[in-house]
Each structure stands twice: as C-alpha cells, then as structure tokens.
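Commentary on secondary and tertiary structure
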Amino acid sequence: MSDLHIRCADLTHIDAVLRFWHEAAEGTSISDDHDGVARLISRDPGALLLADRDGRLVGSVIAGFDGWRCSVYRLAVHPDCRRQGIATALMEAAEQRFLDLGGRRVDAMVLEANERAHHTWAAGGYQREDHWRRWVKPLTD
Ligand SMILES: CC(C)(COP(=O)(O)OP(=O)(O)OC[C@H]1O[C@@H](n2cnc3c(N)ncnc32)[C@H](O)[C@@H]1OP(=O)(O)O)[C@@H](O)C(=O)NCCC(=O)NCCS
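Presented here is a report on the structure given in the accompanying data block. (Residues numbered from 1 in each chain as written. Predicted model: local features only at pLDDT ≥ 70, side-chain atom pairs only at ≥ 80, totals over all residues. Heavy atoms only, no water.)

The next subject is the site of the ligand. In the region of the ligand, 20 residues are neighbours, and L75, V77, R83, T88 and N114 sit closest. Contact distances for the ligand include 2.7 Å between a nitrogen atom and a backbone N or O atom of L75. Within the side chain of N114, an N or O atom sits 2.7 Å from an oxygen atom of the ligand. Isolated, the ligand exposes 910 Å² of accessible area, and the fraction of that covered by the protein chains is 77%. Every element with two or more residues in the shell around the ligand is listed here: β4 (70-77), α3 (86-101) and α4 (115-123). With 6 residues, the single largest contributor to the shell around the ligand is α4. (Near = heavy atom within 4 Å. Polar contact = N/O pair within 3.5 Å; in protein donor to acceptor, adjacent residues only side chain to side chain. Areas by Shrake-Rupley, 256 points an atom, 1.4 Å probe, with all protein chains shown as cover. Helix = DSSP H or I, 4+ residues; strand = E, 2+ residues; numbered from the N terminus.)

Okay, structure coming up:
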C-alpha cells in the first residue's frame, strides 16, 4: 500500500471526518459531533488516525489508550475502497501506537450483526470473547 498515507487528525479535520463517518462508518456514537471529535483530538492528539490516498480521506480508526486499556473505535473504510487492505493498515498503525505507549492488548467493541466487521477483526488476529456485555449509563441528556 505505498500510496496510502496514515497520519494523526488535527482540529482542522473535524468536519471532513464527520462527513466521512456519515458515509463510511457503521453505527453512531453519543460523541458524534464537532465538540465530541474536538475533545478527542484535544485530549489525545495521536488517537484519531486517518488514511489518505491521493489526497482523499479513505479510512479512519480511533486508537485510544488511557494508560490501562487499548481501545479501538471507528474503524471505517470508504465503500469505494474496501478489500484493498486499508483497514488492515489502520489496525497495524493503531497496534503500533499502543505498543509504543506500552499497551498490552487491544479491545474492540463490535456489533453482533456486523458480520463484515467480524471477518475483518478475525483476519487481523482478534478473538471474540463471549463472557462480556456492555453496561452503559448516559451522563448527559
Ligand atoms: C470492516 C471494514 C473496516 C473493512 O475494511 P477493508 O479495508 O475493506 O478491510 P481489509 O481490506 O483490510 O480486509 C482485511 C481482511 O478482512 C476480511 N474482510 C474484510 N471485509 C470483508 C468482507 N466484506 N467479507 C469477508 N471478509 C472480509 C478479509 O479476510 C480481508 O482480507 P482479504 O481481502 O485479503 O480477503 C469496512 O468494510 C468498513 O468500513 N465497514 C463499515 C464500518 C465497519 O463496520 N467498521 C467496523 C466497526 S467494528
């Protein structure tokens, strides 16, 4: 993938990233707005990784490390560019970031119905664990 460039997002990329997620990502999050993405980038400037090809945004991943857990979110590739190894390259970049920071294991939350994602995570060496459920409590209205 020599023409693929992976870099960290900065605050100037927020609108493009939100548009990209609207087209390419699966599901939505409570943090899916300008303030939410700005907070992510401000708190951890290296966490949001973007893949560009020929100056076009074609992929994203959030590689969040809080000193304890390595969490991956928003792995997404533009529908026109799938099955070309872009998600694999983004996962490798995320894993390298975690290793550089001292991370030991990566967690990904994956929707049960998202079979394409199951194939992708499995191909990347990830194993499903069935003994967890997600427990949530919203902090805002
Ligand atoms: C899931 C997604 C990120 C994969 O991106 P991608 O760039 O197409 O993935 P890659 O090309 O790196 O694929 C790596 C491997 O994953 C597996 N894989 C990926 N997509 C697959 C599919 N549609 N069907 C079966 N296997 C698939 C294959 O083993 C593939 O290797 P191969 O192409 O050599 O057979 C992309 O389909 C996407 O953005 N989907 C919508 C968002 C989403 O669901 N994200 C995951 C959230 S948990």
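Take the side chain of S71 next. Turning to its location among the elements, S71 is positioned in strand β4. Among residues more than four places away in sequence, those in contact with S71 are I62, A63, G64, F98 and D107. (Contact = heavy atoms within 4.5 Å.)

Turning next to the layout of surface pockets. Space inside the second largest pocket adds up to approximately 190 Å³. What lines the second largest pocket is F65, G67, W68, R69, C70, G102, G103, R104, R105 and D107. (1 Å grid on protein atoms, 1.4 Å probe; cavity = no way out; pocket = protein on both sides within 12 Å on 5 of 7 lines; lining within 4 Å. Points joined across faces, edges and corners; volume = space filled by probe spheres on them.)

Moving on to the side chain of S60. Counting through the fold element by element, S60 comes out in strand β3 (residues 56-65). A relative accessible area of 0% means that S60 is categorised as buried. A polar contact is formed between the side chain of S60 and the side chain of W21, at a distance of 2.9 Å. Among all residues touching S60, those that are not within four sequence positions of it are F20, W21, L49, L50, R74, L75, A76 and L90. (Buried < 20%, exposed > 50% of the residue type's maximum accessible area, 1.4 Å probe, protein only.)

Let's shift gears to the nonpolar core. Judged by nonpolar contacts, the single largest core of 21 residues is most densely connected at L4, A51, V58, V61, I86, F98 and W121. Ranked by the residues each element gives to this core, the list is headed by α3, at 7 residues. Of all hydrophobic cores here, the second largest spans 15 residues; its members include I14, V37, A38 and A76. (Core = buried A, V, L, I, M, F, W, Y, C linked by side-chain atoms within 4.5 Å.)

A word on the sheet that holds strand β5 (residues 106-108). Sheet architecture is open: 5 strands sit in the order β1-β2-β3-β4-β5, paired in mixed fashion. Of all the strands in the sheet, just β1 (4-8) and β5 have a single pairing partner and so form its edges. Each neighbouring strand pair of the sheet contributes to a mean axis angle of 25°, computed without reference to strand direction. Relative to β3, α3 is tilted by about 30°, and along the sheet it contacts β1, β2 (48-53), β3, β4 and β5. (Pairing = 2+ DSSP bridges. Axes fitted to C-alpha atoms, helices over the stretch in contact; angles between N-to-C directions.)

The analysis is restricted to geometry; functional conclusions fall outside its scope.
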